[in-house]
Amino acid sequence: MSLELNQSNYFSLEADREYFSVSQFKGFVECQAKAVAKLKGEHEESFGKALVVGSYTHAAFESDHEFEKFTAENTDEIFNRSGNKYADFITADAMIGTVKNDKFAMFAMDGEKEIILTAELFGVKWKAKIDSINHTRNTFTDLKTTRSLSQRYWSDKYQKYVSFIEAWDYVLQMAMYREIIQANTGSYYSPYVVAVTKEDPPDKAVLHFDDTRFQFELDYVEHKIDQFAALKAGEVEPTRCEKCAYCRKTKQLKDTIEIGELV
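The following paragraphs examine the structure supplied in this document.

Reading the values: rules and limits
Residues numbered from 1 in each chain as written. Predicted model: local features only at pLDDT ≥ 70, side-chain atom pairs only at ≥ 80, totals over all residues. Heavy atoms only, no water. Core = buried A, V, L, I, M, F, W, Y, C linked by side-chain atoms within 4.5 Å. Buried < 20%, exposed > 50% of the residue type's maximum accessible area, 1.4 Å probe, protein only. Helix = DSSP H or I, 4+ residues; strand = E, 2+ residues; numbered from the N terminus. Contact = heavy atoms within 4.5 Å. Pairing = 2+ DSSP bridges. Axes fitted to C-alpha atoms, helices over the stretch in contact; angles between N-to-C directions. Parallel < 35°, antiparallel > 145°, perpendicular 65-115°, else oblique. Left-handed = near helix turned anticlockwise from the far one by under 90°. Nonpolar A, V, L, I, M, F, W, Y, C, P; charged D, E, K, R; others polar. Patch = residues over 30% accessible without salt bridge, like charges linked within 9 Å, V, L, I, M, F, W, Y side chains within 5 Å. Areas by Shrake-Rupley, 256 points an atom, 1.4 Å probe, with all protein chains shown as cover. Salt bridge = Lys/Arg side-chain N within 4 Å of Asp/Glu carboxyl O.

1. Here's the deal with the nonpolar core
Here's step 1: Membership of the largest hydrophobic core comes to 41 residues, with the highest contact counts inside it found for F25, F28, W126, I130, F140 and M176.
Here's step 2: For this core, the secondary-structure elements that each account for two or more residues are helix 2 (22-30), helix 3 (32-39), strand 1 (112-121), strand 2 (124-134), helix 9 (164-167), helix 10 (170-185), strand 6 (190-197) and helix 11 (214-232).
Here's step 3: Here the element with the most residues in this core is helix 10; it accounts for 9 residues.
Here's step 4: With 19 residues, the next largest nonpolar core counts A92, M95, M109 and L143 among its residues.

2. Thoughts on the environment of V171
Here's step 1: Considering the arrangement of structural elements, one finds V171 in helix 10.
Here's step 2: In this structure the C-alpha to C-alpha distance between V171 and F104, which are 67 residues apart in sequence, comes to 22 Å.
Here's step 3: Setting aside residues up to four positions removed in sequence, V171 forms contacts with Y158, I165, E166, F209, R213, F214 and E217.

3. Some points on helix 3
Here's step 1: Summarising burial for helix 3: 7 of the 8 residues are buried, a large majority.
Here's step 2: Within the sequence span of helix 3, burial applies to Q32, A33, K34, A35, V36, A37 and L39.
Here's step 3: On its buried side, helix 3 packs onto helix 1 (13-18), helix 2, helix 11 and helix 12 (245-250).

4. Quick look at the pairing of strand 7 (residues 204-208)
Here's step 1: Two strands pair when backbone bridges link them, and strand 6 and strand 7 are joined in this way by 5 bridges, in the antiparallel orientation. If you follow Y192 over to strand 7, its bridge partner there is H208.
Here's step 2: Here strand 6 folds back onto strand 7, and the loop between the two strands holds 6 residues.

5. Focus: the packing of helix 4 (residues 50-62) against helix 7 (residues 87-100)
Here's step 1: For the pair helix 4 and helix 7, the least separation of the axes is 10 Å and the interaxial angle reads 30°. When the axis of helix 4 is compared with that of helix 7, the two are roughly parallel. Here helix 4 and helix 7 pass one another in a crossing that is right-handed. Taking contact as the criterion, the partners of V52, V53, Y56, T57, A60 and F61 in helix 4 are, on helix 7, D88, F89, A92, D93, I96, V99 and K100.
Here's step 2: Here the contact of helix 4 with helix 7 is composed, by residue class, of 9 nonpolar, 1 polar and 3 charged.

6. Observations concerning a nonpolar patch on the surface
Here's step 1: A cluster of nonpolar side chains, contributed by I257, I259, L262 and V263, occupies part of the molecular surface with about 520 Å² of accessible area.
Here's step 2: Note that V263 resides in the segment after helix 12.
Here's step 3: What makes V263 exposed here is its relative accessible area of 95%.

Note that every value here comes from positions in space, so none of it alone points to a role or purpose.
See the structure below:
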């Protein structure tokens, strides 16, 4: 019997064991050993204050009630002993204000908030939590924060310099969300990203995607999913990246390395 997902259990270990998500898929791409350890409950990734800041920012666009509730539940993380907000949350407030004061950005984000959907794709079960979905316009929108709209990143996947959208696999995310929504509604919805930067003052943009971008991402997922599903089921042994925090923490040296291998 499938686990019925809700706001309380969506991020639970039980849900992650039953369902794939885009973030879990990306985790397997980054390091198989770490992804398997997380599913076994042997490793918990530390995001520091970044996760709280991200949730704080998203809560501001969910509803006033959710934002007030989140702030009250995370007072110690948000406010210092003097009662003032920490710098990261002051920056977040500026980003929130930048988006909320822009009619076009708010139009793009209009719709039902934090909608949970599931679907079976490529032979496995997937879950997704949509920031905002508009069934009248057949659109869905995700809020993303970034350092700069124009900063370039090298991508091994694409073998070229790319934007932050491609670097953090947001195209893949939109492609999969699009398929999951189609499985539930029978229609393909158009994805948008409302991007806001951490600069002072923040920059912003509403980003759309050419539909031709999605097939590459779907082929990429299909190419890897069988191996990841086997890893998740414990049928094969995971490989280690030897670069992430989990691999550094659990590393056991067995031999020397020549200095040319360091870079």
